[in-house]
Amino acid sequence: MKALVYHGKEDMRVESVPDPTPRDARSALVKVERAAICGSDLHLYHGDMPVPPGLVVGHEFVGEVMETGSDVANVRVGDHVLVSGVIGCGQCKRCVRGEVVRCERKQTQVFGVGPDLPGGQAEAVAVPGADHAIRPIPEGVSVEQAVLLTDILPTGYFGARNADIEPGDTVVVIGAGPVGLLALLSAQLFGAARILVVDRVPERLALAKELGGIPVPAAEADATIAELTNEQGADRVIEAVGSDATILKAIDWVRPAGTVSVIGVNTSPSVPFPMVLALMKDLTFRIGLVPVPELWPALIPLVASGRLQPERVFTHRMGLSEGAEAYRLFSAREDGILKVLLDPSR
Ligand code: NAD
Ligand code: ZN
Ligand code: ZN
């Protein structure tokens, strides 16, 4: 089959690779219909993650079930499904509840970041633990929405949930990438009164405004946040970038007894943490990898009913054969790109 393969820093190629083979009787084979590129894939593309050359990448994909193992009960051949970008053993108590990041057997894995679990920017994927990693795409959910349910909509929602937002709160979201924008939409659900969205890219700030946020150019953020909060700081800050600088800003911008919720993936071995400031602020600081299936029972109905419309983040639709160029564009933030959808049939 054809797949996007990592060959080293800024070197992604579309190549022929061996077809995936299901691991065991609890696995399923999924023919990929659409896949997306995530900001997390950019960390890999930039050489910030230790991944072996030759790896098939991608953890956001939906498709059709082609084959199921004899122990798979919840999905059938021919189902059109969404697949969680992160999975656990699929059998322990926590995995069964969808809490795959807290897998009791410590088998939490993300597709397309290591050789044990090749990714979904490909024509097909073998999905282990299919009963818990896969859901049929429900009525009322489009294919593009389904792709967003495999990772970044749950991530944005997780960021907002972890921020302890109460009705009337002022929230700052740092980063107006697709993840930050979906954190904005999610923060609205929790009753935030004002959501300031900080970024450096003008088109992204414009979309944040269209989606109901207050756009704040990064260079003006210190002054604007101080002014809009009477120098008190924001009630909650959601960090959706993944840099050291933005984690420090989040701690700086939150009010005393407020909450910082980090969803950006930071690949630094350590980040300087301002302990005295955190102590004096009585700070709550949360960070985590998204437990995708745990959040489906909340998010699938919100999308199916039209209450959440995450699909606005897609700006580019390309063939898998154009995958290398898609990575280049996304990395360079050229052409107004925000999120790319890849079609493996092209
Ligand atoms: P992205 O790269 O498109 O977006 C990042 C945004 O941050 C960009 O718009 C960029 O302009 C902005 N930015 C960079 N430096 C900034 C600064 N100093 N101040 C303000 N804005 C700044 O990526 P994305 O797809 O939106 O993903 C965002 C982050 O979320 C990534 O780190 C990704 O790895 C992470 N992520 C985490 C999870 C999780 O489970 N926690 C899941 C998916 C993605
Ligand atoms: Zn992702
Ligand atoms: Zn488990």
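Everything below is about the structure shown above.
Here we summarise the structure given alongside this text. For every chain, the first residue of the written sequence is number 1, and numbering continues from 1 onward in sequence order. For naming, the first written chain is A and the first written ligand is 1, with later ones following in the order written. It should be noted that, the model being predicted, local features are given only for residues of pLDDT at least 70 and side-chain atom pairs only at 80 or more, the latter also being counted only at that level, while totals for whole chains, interfaces and linings use all residues. The side-chain numbers reported here are obtained from all heavy atoms of the structure, hydrogens and water having been left aside.

### Some details on the pattern of salt bridges
Then, in step 1: We define a salt bridge as a side-chain nitrogen of Lys or Arg found within 4 Å of a carboxyl oxygen belonging to Asp or Glu. This structure, assessed with the given rule, holds 17 salt bridges.
Then, in step 2: Of the charged contacts, one joins Asp11 and Arg13 as a salt bridge, the two residues approaching to 2.8 Å between their closest N and O atoms.
Then, in step 3: For the salt bridge of Asp343 with Arg34, the shortest nitrogen-to-oxygen distance reads 3.5 Å. Residue Asp343 is found in strand S18 (residues 340–343), and its partner Arg34 is found in strand S3 (residues 28–36); the two are separated by 309 residues along the sequence.
Then, in step 4: When a residue's accessible area, from a 1.4 Å probe over protein chains only, is under 20% of the maximum for its type it is buried; when over 50% it is exposed; and in between it is partly exposed. Residue classification places Asp343 among the buried residues on the basis of a relative accessible area of 10%.
Then, in step 5: The exposure class of Arg34 is partly exposed, given its relative accessible area of 28%. Starting at the N terminus, helices and strands are each numbered in turn, a helix being any DSSP run of H or I of at least four residues and a strand any DSSP run of E of at least two.

### Remarks on the packing of helix H5 (residues 152–161) against helix H6 (residues 178–189)
Then, in step 1: In contact at an axis separation of 7 Å, H5 and H6 are set at 55° when each is read in the N-to-C sense. It follows that H5 is oblique to H6 by the angle criterion. The hand of the H5/H6 crossing is right-handed. For the pair H5 and H6, contact is made by Ile152, Leu153, Thr155, Gly156, Tyr157 and Ala160 and by Pro178, Val179, Leu182, Ala183, Ser186, Ala187 and Leu189, respectively.
Then, in step 2: Residue polarity follows a fixed list, in which Ala, Val, Leu, Ile, Met, Phe, Trp, Tyr, Cys and Pro are nonpolar, Asp, Glu, Lys and Arg are charged, and the others, Gly among them, are polar. Partitioning the contact of H5 with H6 into residue classes produces 10 nonpolar, 3 polar and no charged. A fitted line through C-alpha atoms serves as each axis, taken over the contacting stretch for helices, and the angle formed by two N-to-C directions is quoted from 0 to 180°. Reported orientations rely on four angle classes, namely roughly parallel under 35 degrees, roughly antiparallel over 145, roughly perpendicular from 65 to 115, and oblique for the rest. Handedness of a helix crossing follows the sense of rotation of the near helix relative to the far helix, less than a right angle counterclockwise being left-handed and clockwise being right-handed. It only takes one pair of heavy atoms within 4.5 Å for two residues to be counted as in contact.

### Topic: the site of ligand 1
Then, in step 1: In these notes, residues near a molecule or strand are those with any non-hydrogen atom within 4 Å of it. In the region of ligand 1, 28 residues are neighbours, and Ser40, Asp199, Arg204, Val241 and Ile263 sit closest.
Then, in step 2: Residue Val179 places a main-chain N or O atom 3.0 Å away from an oxygen atom belonging to ligand 1.
Then, in step 3: Pairing of N or O atoms within 3.5 Å defines a polar contact, subject to two protein rules: one partner must be a possible hydrogen donor and the other a possible acceptor, and residues neighboring in sequence count only if both atoms are side-chain atoms. The backbone of Ile263 places a nitrogen or oxygen atom 2.9 Å from a nitrogen atom of ligand 1.
Then, in step 4: The method behind every accessible area is Shrake-Rupley, applied with a 1.4 Å probe, and residues are considered shielded solely by the protein chains displayed. When ligand 1 is considered free in solution it has 860 Å² of accessible area, and contact with the protein chains removes 92% of it.
Then, in step 5: Every element with two or more residues in the shell around ligand 1 is listed here: helix H1 (39–45), H6 and strand S12 (194–199).
Then, in step 6: No other element matches H1, which puts 3 residues into the shell around ligand 1.

### Points about the layout of surface pockets
Then, in step 1: Using protein atoms alone on a 1 Å grid, points that fit a 1.4 Å probe yet trap it form a cavity, whereas open point sets bounded by protein on both sides within 12 Å along at least five of seven lines form a pocket; residues with an atom within 4 Å of a point count as lining. Grid points are joined across faces, edges and corners, and a volume is the space filled by probe spheres set on the points. In this structure, the second largest pocket encloses a volume near 280 Å³.
Then, in step 2: Around the second largest pocket, the lining comprises 20 residues; the ones closest to its centre are Asp19, Pro20, Thr21, Pro118 and Ala126.
Then, in step 3: Looking at the lining of the second largest pocket residue by residue, the class counts come to 13 nonpolar, 4 polar and 3 charged.

### With respect to the sheet that holds strand S4 (residues 55–56)
Then, in step 1: Strands are treated as partners if at least two bridges between them are detected by DSSP. Strands sit in the order S2-S1-S4 across an open sheet of 3 strands; the sheet is antiparallel. The open sheet is flanked by strand S2 (12–16) and S4, the only strands paired with a single partner.
Then, in step 2: Two elements, strand S1 (residues 2–6) and S2, share 5 bridges in a ladder whose sense is antiparallel. If you follow Tyr6 over to S2, its bridge partner there is Met12.

### Quick notes on the nonpolar core
Then, in step 1: Put simply, buried Ala, Val, Leu, Ile, Met, Phe, Trp, Tyr and Cys residues joined by side-chain atoms within 4.5 Å make one nonpolar core. Formed by 55 residues in total, the largest nonpolar core has its most connected members in Leu149, Leu153, Ile165, Leu181, Ile195, Ile238 and Leu299.
Then, in step 2: Breaking this core down by element, the ones donating at least two residues are helix H4 (143–149), H5, strand S11 (170–174), H6, S12, helix H7 (202–210) and helix H11 (292–304).
Then, in step 3: An automatic or database domain assignment is the source of the domain bounds shown. Domain assignment of the residues forming this core places at least three in each of domain 1 (2–151 + 291–343) and domain 2 (154–287).
Then, in step 4: Counting 19 residues, the second largest nonpolar core, distinct from the first, contains Ile37, Val57, Ala326 and Val340.

### Re the coordination of the zinc ion (ligand 2)
Under perfect tetrahedral coordination by four donors, a metal shows angles of 109.5 degrees; under perfect octahedral coordination by six donors, it shows angles of 90 or 180 degrees.
Then, in step 1: Taken together, Cys38 (SG), His59 (NE2) and Asp151 (OD) make up the protein donors of the zinc ion (ligand 2), found 1.7 to 2.2 Å from the metal.
Then, in step 2: With water omitted from the atoms examined, metal sites may look incomplete; donors here are N, O and S atoms no farther than 2.8 Å from the metal, or 3.2 Å in the case of Na, K and Ca. Read from N- to C-terminus, the donor residues coordinating the zinc ion (ligand 2) fall into the pattern C-x20-H-x91-D. A residue pair is termed long-range when its members are at least 10 positions apart, and His59 in the loop between S4 and strand S5 (60–68) and Asp151 in the loop between H4 and H5 qualify at 92 residues. Across the pair, Asp151 and His59 agree in class, each one buried.

### Here's the deal with the pairing of S12
Then, in step 1: Most of S12 sits inside the fold, with 5 of its 6 residues counted as buried.
Then, in step 2: Of the pairings in the sheet, the one linking S11 to S12 comprises 5 bridges and is parallel in character. Within S12, the position partnered with Ile174 by the bridge is Val198.
Then, in step 3: Here is how to tell: hold the view so the strands point away, follow the path from the first strand over the helix to the second, and if it runs clockwise the crossover is right-handed. Note on the crossover from S11 through H6 to S12: the handedness is right-handed.
Then, in step 4: Where S12 lies against strand S13 (residues 214–217), 4 bridges are found, and the strand directions are parallel. Bridging from a neighbouring strand, Val198 pairs with Val216 of S13.
Then, in step 5: Taking the sense of rotation as the criterion, the β-α-β connection linking S12, H7 and S13 turns out right-handed.

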